Amino acid sequence: MPGLDPDNNQPAYLCGRLLATLEAVQYAAVGDVGANIVDRFYGKASTAPALVFGPLLTLAQSHLGAINNEGTRVNLDRELSEIIGRLEPDLPRTLGLEAQGRFAIGYYHQKAHRFAEIRRHKDERATAS
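Calculation criteria
- Residues numbered from 1 in each chain as written.
- Predicted model: local features only at pLDDT ≥ 70, side-chain atom pairs only at ≥ 80, totals over all residues.
- Heavy atoms only, no water.
- Helix = DSSP H or I, 4+ residues; strand = E, 2+ residues; numbered from the N terminus.
- Expected span 1.5 Å × (residues − 1).
- Buried < 20%, exposed > 50% of the residue type's maximum accessible area, 1.4 Å probe, protein only.
- Arc of directions from axis to C-beta.
- Contact = heavy atoms within 4.5 Å.
- Polar contact = N/O pair within 3.5 Å; in protein donor to acceptor, adjacent residues only side chain to side chain.
- Axes fitted to C-alpha atoms, helices over the stretch in contact; angles between N-to-C directions.
- Parallel < 35°, antiparallel > 145°, perpendicular 65-115°, else oblique.
- Left-handed = near helix turned anticlockwise from the far one by under 90°.
- Nonpolar A, V, L, I, M, F, W, Y, C, P; charged D, E, K, R; others polar.
- Phe/Tyr/Trp six-rings, centres within 6.5 Å; stacked < 30°, edge-to-face > 60°.
- Salt bridge = Lys/Arg side-chain N within 4 Å of Asp/Glu carboxyl O.

A turn of α-helix holds 3.6 residues, and therefore any two residues three or four places apart point the same way. Over its 17 residues, helix H4 (residues 70-86) runs 24 Å from end to end, which matches the ideal 24 Å to within 8%, given 1.5 Å per residue. When H4 is considered as a whole, its buried residues turn out to be Leu76, Glu79, Leu80 and Ile83. Down the axis of H4, the buried set is contained in an arc of 100°. They therefore lie on one face. Within H4, the exposed residues directed more than 90 degrees away from the buried face are Glu70, Arg78 and Gly85. Residues of H4 that are buried make contact with helix H1 (11-30), helix H3 (49-66) and helix H5 (97-128). Measuring from the side-chain oxygen of the N-cap residue of H4 to the backbone nitrogen of Gly71 gives 2.9 Å; that N-cap residue is Asn69.

Below, the structure written as structure tokens:
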């Protein structure tokens, strides 16, 4: 079954993964805020990543500092570092239609992976009890 491709270094795919991770960072820091960063920036992030990710990464630093659970904070910071480490120093200025599709796939692969990890941890805790 297809899923997260941690070896996929296509910039659009990585940018999608990055947005999903930034969404998780925001949620861990402040909970449900109504219009989150995905609601507000998905369209621009999927078409002009270079314009959006600088400010979002700055915001992520504030959000990481606000996460009370150290394990969650460290894991999300590590995930951000892993994804950003695979990106070229200059983010793509624009993404064409095919690349926008790869962005969407990266975004949803990352989200699905996170949900599967959460489910796995819950199952492990239930089994241990």
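Still more ground to cover, so stick around.
Moving on, we get to H1. Under the 1.5 Å per step criterion, the end-to-end length of H1 is 28 Å for 20 residues, consistent within 8% with the ideal 28 Å. Along H1, 16 of the 20 residues are buried, which leaves the element largely enclosed by surrounding structure.

Turning next to the packing of H1 against H4. A pair of packed helices is captured by two measures, namely the crossing angle of their axes and the spacing between those axes. Where H1 contacts H4, the two axes come as close as 10 Å, and the packing angle between them is 160°. Looking at the two axes, H1 sits roughly antiparallel to H4. Of the two elements, H1 crosses H4, and the hand of that crossing is left-handed. Only Thr72, Leu76, Glu79, Leu80, Glu82, Ile83, Ile84 and Arg86 of H4 make contact with H1, whose side of the interface consists of Leu14, Arg17, Leu18, Thr21, Leu22, Ala24, Val25 and Ala28. Grouping the constituent residues of the contact of H1 with H4 by class yields 10 nonpolar, 2 polar and 4 charged.

Under the defined criterion, the tally for this structure stands at 3 aromatic pairs. With 5.5 Å between their ring centres and 75° between their planes, Tyr42 and Tyr107 make a pair best called edge-to-face. Taken together, the positions of Tyr42 in helix H2 (residues 37-47) and Tyr107 in helix H5 put the pair 65 residues apart, joining distant regions of the chain. Ring centres of Tyr107 and Tyr108 lie 4.7 Å apart, and the angle between their planes is 85°; on these two criteria the pair is classed as edge-to-face.

Now for the environment of Thr47. Looking at the element boundaries, Thr47 is found in helix H2. Along the chain, Thr47 and Leu57 lie 10 residues apart, while their C-alpha atoms are 17 Å from each other.

Turning our eyes to something else, we now look at the pattern of salt bridges. Scanning the model with the defined rule gives 7 salt bridges in all. A salt bridge links Lys111 to Glu23, with the nearest nitrogen and oxygen atoms 3.4 Å apart. Taken together, the positions of Lys111 in helix H5 and Glu23 in helix H1 put the pair 88 residues apart, joining distant regions of the chain. Assigned by exposure class, Lys111 and Glu23 land together as buried. Close ionic contact of Glu124 with Arg120 constitutes a salt bridge, the shortest N to O distance being 2.6 Å. Of this pair, Glu124 and Arg120 both sit in helix H5, 4 residues apart, which is roughly one turn of the helix. Residue classification places Glu124 among the partly exposed positions, given a relative accessible area of 41%. One network of salt bridges, with partners in common, ties together Asp7, Arg17, Glu82 and Arg86.

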